[in-house]
Amino acid sequence: MKKDNRILFVYLLLVVLALAAAFLNLFTGNVHITPREVIEAIIGMAGDEKTKNIIMSIRLPRMIMAFVLGGGLALSGFLLQTYFSNPIAGPYILGISSAAKMMVALLLIFITKMGLFAKGYTLVLAAFAGALMATGFIIMISRHVKNMAALLAAGIMIGYICSAVTDFLIAFADDSDIVNLHSWSQGSFSGARMEGALYCVGITGIGLFFVLLLSRSLDALRLGEGYARSVGVNTKICRILIILLSSLLSACVTAFAGPISFVGIAVPFLMREMLKSSKPVVLIPASFLAGAVFCSVSDLLARMLFAPTELNVSAVTSLFGAPIVIFMIIGRHKRSEY
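Please read all numbers here as calculations on a predicted model, not as lab measurements.

Details of the overall build of the protein chain
Logical step 1: Helices and strands together make up the secondary structure of the protein chain, namely 15 helices and zero strands.
Logical step 2: In the protein chain, which comprises 338 residues, the proportion classed as buried is 51%.
Logical step 3: Intrachain contacts of the protein chain at a sequence separation of at least 6 include 76% that bridge at least 24 residues.
Logical step 4: On the protein chain, roughly 16300 Å² of surface is accessible, and the fraction owed to carbon and sulfur atoms is 68%.

This is the structure:
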């Protein structure tokens, strides 16, 4: 298959899968709703009030959030892999998601103790601060530790520390709303609301726009800093923008859905393999769409596999994402032997 034809085929496949995943998430649930009733509820036609409420207040916000945040998480992983020049770098592995989770938990406990309600943007800001803190720490370590395996191990340790702090906070919280954060702390799209979904669309849309603007600089940077400077790229500013954008995207995911594992690593790798290309202008939209499909399908499986019991979405993404990462590591090891 020629390269252009391959790219066209993969994009068409991703669009079809994205539409199918979106429709399945709207049609499927514990309450049977026909496709016609779903369409009538969305376009505002007269219909059963209970059905409208299920679609507009529960299923549609959850579908939007899974779709948008899945794409944002894949983009965050792609940016981190570009920054560290390693396909195993990702927000979950490097402890960035766990640090963002810790800051959100701290904020929620502090606000609840004061009898206040946390707005969507405050959650994102808290998660953003945690993500930046973890990323800054990883960058500081990377200046002294050149071995990527050791750097990844340091990131994993950061993640364990932040997760332990979060677990302590949740375990000893008195307020019932904070105790209910346990499922969120494991990664879940349950409880999604349209207000939060709109925040996710806005933040992720802005992030995607700026990542696309950076695509030429990212393309030069992947060939080495020396080459990037020779073609006029300000590598210092480019790296700062990569960190800010990857932190913002992973923060948005963590603020509204908790830490979701392996999407940021597995999806960009799959897209590189399927597209047979490393060009950011090709990989960025593909990674976003594939991340959206991956998270949407994982959320559907989390809801329906053992219904009415609901799994955490991270359990499903780990089940499918971890084997991909293992395959990636084995493939890299084999190539290094030749």
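Quick look at the packing of helix α3 (residues 49–84) against helix α14 (residues 280–304)
Logical step 1: Between α3 and α14, the least distance of the axes is 7 Å, while the angle of their chain directions is 135 degrees. By the angle class used here, α3 and α14 are oblique. Viewed along their axes, α3 and α14 form a crossing whose handedness is right-handed. Residue-level inspection shows R62, A66, F67, V68, G70, G71, G72, A74, L75 and F78 of α3 in contact with α14, the latter providing P280, L283, I284, S287, F288, L289, G291, A292, C295, S296, D299 and R303.

Considering the packing of aromatic side chains
In this description, an aromatic ring pair is defined by two values, namely the gap between the centres and the angle between the planes.
Logical step 1: In total, this model carries five aromatic pairs according to the counting rule given.
Logical step 2: Aromatic side chains F23 and F27 sit 5.7 Å apart centroid to centroid with 15 degrees between the ring planes, which places their arrangement in the stacked category. Placement of the pair is F23 and F27 together in helix α1 (residues 3–27), with a separation of four residues, close to one helical turn.
Logical step 3: Its relative accessible area of 23% is what places F27 among the partly exposed residues.
Logical step 4: Arranged with centres 6.4 Å apart and planes meeting at 20 degrees, the rings of Y199 and F256 form a pair that is stacked. Of this pair, Y199 sits in helix α9 (residues 194–213) while F256 is found in helix α12 (residues 235–257), placing the two residues 57 residues apart along the sequence.
Logical step 5: Above the ring of Y83, the side-chain terminus of R239 is found at 4.7 Å from the ring centroid.

Focus: the confidence of the model for the protein chain
Logical step 1: Here the protein chain shows a mean pLDDT of 84. Residues at 70 or above account for 90%.
Logical step 2: When pLDDT is averaged over each helix and strand of the protein chain, the minimum, 56, is found for helix α7 (residues 176–179) and the maximum, 93, for α14.

A few points about helix α13 (residues 263–275)
Logical step 1: Here α13 is 13 residues long and its end C-alpha atoms lie 18 Å apart, about the 18 Å a rise of 1.5 Å per residue gives.
Logical step 2: Taken as a whole, α13 has its buried residues at V263, G264, I265, A266, V267, P268, F269, M271 and L275.

With respect to helix α2 (residues 35–43)
Logical step 1: Residues of α2 that are buried include every one of V38, E40 and A41, and no others. One side of α2 carries all its buried residues, which in axial view fall inside an arc of 165 degrees. Residues R36 and I43 are exposed on α2 and point more than 90 degrees away from its buried face.

Describing the environment of G29
Logical step 1: Within the element layout of this structure, G29 appears in the loop between α1 and α2.
Logical step 2: The spatial distance from the C-alpha of G29 to the C-alpha of P308 is 9.3 Å, given a sequence separation of 279 residues.
Logical step 3: Every residue in contact with G29, bar those within four places of it in the chain, is listed here: R59, R303 and M304.

Quick notes on the packing of α3 against α9
Logical step 1: Following both chains from N to C, one finds α3 and α9 inclined at 25 degrees, their axes separated by 9 Å at the closest point. Judged by the angle between their axes, α3 and α9 are roughly parallel. Like other packed secondary-structure pairs, α3 and α9 cross with a definite hand, here left-handed. The residues of α9 that touch α3, namely those facing M56, L60, P61, I64, M65, V68, L69, G72, L75 and L79, are M194, G196, A197, C200, V201, T204, L208 and V211.
Logical step 2: For the contact of α3 with α9, the class distribution of residues is 15 nonpolar, three polar and no charged.

Conventions used here
- Residues numbered from 1 in each chain as written.
- Predicted model: local features only at pLDDT ≥ 70, side-chain atom pairs only at ≥ 80, totals over all residues.
- Heavy atoms only, no water.
- Helix = DSSP H or I, 4+ residues; strand = E, 2+ residues; numbered from the N terminus.
- Buried < 20%, exposed > 50% of the residue type's maximum accessible area, 1.4 Å probe, protein only.
- Contact = heavy atoms within 4.5 Å.
- Areas by Shrake-Rupley, 256 points an atom, 1.4 Å probe, with all protein chains shown as cover.
- Axes fitted to C-alpha atoms, helices over the stretch in contact; angles between N-to-C directions.
- Parallel < 35°, antiparallel > 145°, perpendicular 65-115°, else oblique.
- Left-handed = near helix turned anticlockwise from the far one by under 90°.
- Phe/Tyr/Trp six-rings, centres within 6.5 Å; stacked < 30°, edge-to-face > 60°.
- Lys NZ or Arg CZ within 6 Å of the ring centre and 35° of its normal.
- pLDDT = per-residue confidence, 0-100.
- Expected span 1.5 Å × (residues − 1).
- Arc of directions from axis to C-beta.
- Nonpolar A, V, L, I, M, F, W, Y, C, P; charged D, E, K, R; others polar.

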